[in-house]
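# Chain and residue survey
Listed below are the residues making up each chain.
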Protein chains: 2
Amino acid sequence: MDNQEKQSKEQQILAAAEQEFLTKGYDGARTTSIAQAAGVTHAMLHYYFRTKEQLFERIVDEKFATMSHSMFTILDDPSLPIVERIKGGIAAHFDFIAANPLLPRFVINEIVSRPERYEVLYKRAGFVVNSVYNGLQAEIDRAAERGEIERVDVKMLFISIMSLNIFTFVAYPFMEPIMGELMANREQFLAARKAENIETILRRIKKQ
Amino acid sequence: MDNQEKQSKEQQILAAAEQEFLTKGYDGARTTSIAQAAGVTHAMLHYYFRTKEQLFERIVDEKFATMSHSMFTILDDPSLPIVERIKGGIAAHFDFIAANPLLPRFVINEIVSRPERYEVLYKRAGFVVNSVYNGLQAEIDRAAERGEIERVDVKMLFISIMSLNIFTFVAYPFMEPIMGELMANREQFLAARKAENIETILRRIKKQ
DNA sequence: CTTTGTTCTAACAAAATTGTTAAACAGTAT
DNA sequence: ATACTGTTTAACAATTTTGTTAGAACAAAG
């Protein structure tokens with residue numbers, strides 16, 4: 001058996017499936033279309049992954065892990081002073097989403113259309129997030145007492161950061177055609193948008 | 001012919017279709033399921049709307065109009081001073097999305113999955129948005145020259161406002177389970193979130 | 001060269017989903 | 001009453017999509 005070839009077929013199918021599922025969602029994806037894009041017969045797809053459902057789960061598992069990882073990039077380097085840390089965290093998160101622009105919409109759509117499925121996953125995530133945020137809240141509170149920044153709710157701050165960073169990519173296809181020159185050059189716009197998001201959040205925590 | 005009854009059947013189907021399409025999207029929606037939810041046979045659905053496609057278009061047309069309308073609520077009352085106007089605009093937009101929480105995700109998903117379809121619609125929207133924003137940009141520039149606010153790009157500001165307001169609802173099902181007590185009471189959270197969004201934007205334009 | 005296990009193909013099967021039609025039905029006007 | 005109109009039902013048809021299977025082709029090992 002040629003291990004290279006076998007690997008490659010499976011990988012080809014997975015790559016095609018990822019593209020199809022991320023853009024069209026589970027319902028819109030077609031196993032025949034995935035097989036075609038991967039350059040194999042649709043019987044092969046079933047041979048390797050048995051069902052559409054199982055193939056989908058392979059993608060979902062990876063994407064949920066990636067999404068969850070992306071949220072922790074907001075925490076960034078704990079050794080830096082708080083303002084620098086937040087600044088770096090926003091930038092890191094922005095870059096992460098820029099590298100995975102289809103991810104948030106996919107994850108959100110999944111959770112909306114089949115919430116039951118992810119309940120277990122979520123119970124755990126809740127605990128982790130809570131403990132991590134408690135630590136950061138304490139750090140922010142100390143900085144606020146020293147008068148370095150405004151006292152803010154760290155969860156609210158995180159929602160704002162995620163809103164600003166994620167929405168840029170989720171709504172990109174929606175806004176690009178109506179925003180004219182501002183979004184004409186994607187690279188340029190994303191750089192400007194990243195700076196704008198950082199500025200917006202830093203002003204939010206700035207002591208006045 | 002009983003006009004009341006006829007109206008009501010059509011309305012029942014439309015209402016059920018709206019619910020189904022907004023939550024599941026075109027691909028996930030089933031005509032039989034819509035018919036069942038509306039309390040009619042699926043043949044009736046075809047009698048009134050011929051095809052799934054045509055029924056969907058009825059919903060899409062209305063929803064796109066609503067979405068476009070929602071974006072103009074950000075402009076709010078032109079007679080107010082600029083800061084008050086922006087404040088009111090954010091609040092109005094937030095309330096609008098709160099009343100139509102499924103709208104943005106639906107519209108964005110549609111545009112991502114079938115961009116060709118909305119190209120024409122968009123050419124026009126681009127012009128309108130551009131001229132409206134130019135007017136507001138001039139007003140902001142004047143206020144900045146008077147030293148009332150910071151000079152900002154109005155399109156960037158709009159993207160930030162939409163990000164903060166819309167993401168709250170798009171990602172609600174995603175964040176609710178991991179945010180603990182903060183989001184335990186929906187009403188309370190939304191009120192806090194609205195205030196937070198306004199505060200964030202006002203600080204962004206505040207002269208320092 | 002035969003055996004063995006895996007990969008692959010082509011044809012088929014099953015199910016789900018959308019769409020159609022003929023006929024029954026109800027109300028209204030002639 | 002009769003003919004006419006739009007509405008409704010039930011059964012059916014067509015298509016799409018997913019999933020299965022028998023066996024061919026192939027590579028590796030004895």
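Basis of the calculations
Residues numbered from 1 in each chain as written. Chains lettered and ligands numbered in written order. Predicted model: local features only at pLDDT ≥ 70, side-chain atom pairs only at ≥ 80, totals over all residues. Heavy atoms only, no water. Buried < 20%, exposed > 50% of the residue type's maximum accessible area, 1.4 Å probe, protein only. Helix = DSSP H or I, 4+ residues; strand = E, 2+ residues; numbered from the N terminus. pLDDT = per-residue confidence, 0-100. Contact = heavy atoms within 4.5 Å. Near = heavy atom within 4 Å. Polar contact = N/O pair within 3.5 Å; in protein donor to acceptor, adjacent residues only side chain to side chain. Nonpolar A, V, L, I, M, F, W, Y, C, P; charged D, E, K, R; others polar. Lys, Arg positive; Asp, Glu negative; His and termini not counted. Salt bridge = Lys/Arg side-chain N within 4 Å of Asp/Glu carboxyl O. Patch = residues over 30% accessible without salt bridge, like charges linked within 9 Å, V, L, I, M, F, W, Y side chains within 5 Å. Areas by Shrake-Rupley, 256 points an atom, 1.4 Å probe, with all protein chains shown as cover. Least-squares fit on C-alpha atoms with pLDDT ≥ 70 in both. Expected span 1.5 Å × (residues − 1).

Along an α-helix, residues three or four apart share an orientation, since each turn contains 3.6 residues. A large share of helix H6 (residues 103-113) of chain A lies buried, amounting to 9 of its 11 residues. Inspection of H6(A) places A:Leu103, A:Pro104, A:Arg105, A:Phe106, A:Val107, A:Ile108, A:Asn109, A:Glu110 and A:Ile111 among the buried residues, and these make up the whole buried set.

Glancing now at the confidence of the model for chain A. Residue and element names in this part refer to chain A. Summary statistics for chain A give a mean pLDDT of 92 and a share of 97% for residues scoring 70 or more. Ranking the helices and strands of chain A by mean pLDDT puts helix H10 (residues 186-205) first, with 98, and helix H1 (residues 3-28) last, with 84. Throughout residues 1-6 the model reports pLDDT below 50, and contacts reaching past four residues in sequence, or to other chains, amount to 1 contact.

Here we come to the protein's contact with DNA strand C. Residues in contact with DNA strand C amount to 18 residues; listed here are only the nearest, A:Tyr47, A:Tyr48, B:Arg30, B:Thr31 and B:His42. Taking the atoms of DNA strand C that fall within 4 Å of the protein, sugar and phosphate contribute 68% of them. Within the side chain of A:Tyr47, one N or O atom sits 2.7 Å away from a phosphate oxygen of DNA strand C. In the model, a base oxygen of DNA strand C is placed 2.8 Å from a nitrogen or oxygen of the B:His42 side chain. Among the elements of the structure, H1 and helix H3 (42-49) of chain A together with helix H2 (31-38) and helix H3 (42-49) of chain B are those that each provide at least two residues to the surface near DNA strand C. If you tally residues by element for the surface near DNA strand C, the top one is H3(A), at 4 residues. For the surface near DNA strand C, the residue count by class is 8 nonpolar, 6 polar and 4 charged.

Here we take up the side chain of A:Arg105. Mapped onto the fold, A:Arg105 is located in helix H6. B:Glu110 is the oppositely charged side chain nearest to the buried, salt-bridge-free A:Arg105, at an N-O distance of 9.0 Å. A distance of 3.3 Å separates a polar side-chain atom of A:Arg105 from the backbone oxygen of A:Leu22. Setting aside residues up to four positions removed in sequence, A:Arg105 forms contacts with A:Leu22, A:Thr23, A:Val170, B:Ile108, B:Asn109 and B:Val112.

Together, A:Phe72, A:Phe127 and A:Val128 line one region of the surface with nonpolar side chains, adding up to about 300 Å² of accessible area. By secondary structure assignment, the location of A:Phe127 is in helix H7 (residues 119-145).

Before going further, it helps to spend a moment on the relation of the copies chain A and chain B. The two copies are related by a screw operation: chain A maps onto chain B through 180 degrees of rotation and 0.0 Å of translation along the axis, at an RMSD of 0.0 Å. Expressed as a symmetry operation, the mapping of one chain copy onto the other fits a two-fold axis. Counting the interface residues of chain A, we find that 100% of their copies in chain B are interface residues as well, pointing to one common contact surface.

Below, the discussion takes up helix H10 (residues 186-205) of chain B. The terminal C-alpha atoms of H10(B), which comprises 20 residues, lie 29 Å apart, in line with the 28 Å expected from a rise of 1.5 Å per residue. Those residues of H10(B) lying buried are B:Phe189, B:Leu190, B:Arg193, B:Glu196, B:Asn197, B:Ile198, B:Thr200, B:Ile201, B:Leu202, B:Arg203, B:Arg204 and B:Ile205. Along its buried surface, H10(B) packs onto helix H8 (154-170) and H10 of chain A together with helix H5 (82-99), helix H8 (154-170) and helix H9 (172-175) of chain B.

Let us look at the environment of B:Phe189. In this fold, B:Phe189 is placed in helix H10. Dropping the residues within four chain positions of it, B:Phe189 is found in contact with A:Met156, A:Ile159, B:Thr168, B:Tyr172, B:Leu182 and B:Met183.

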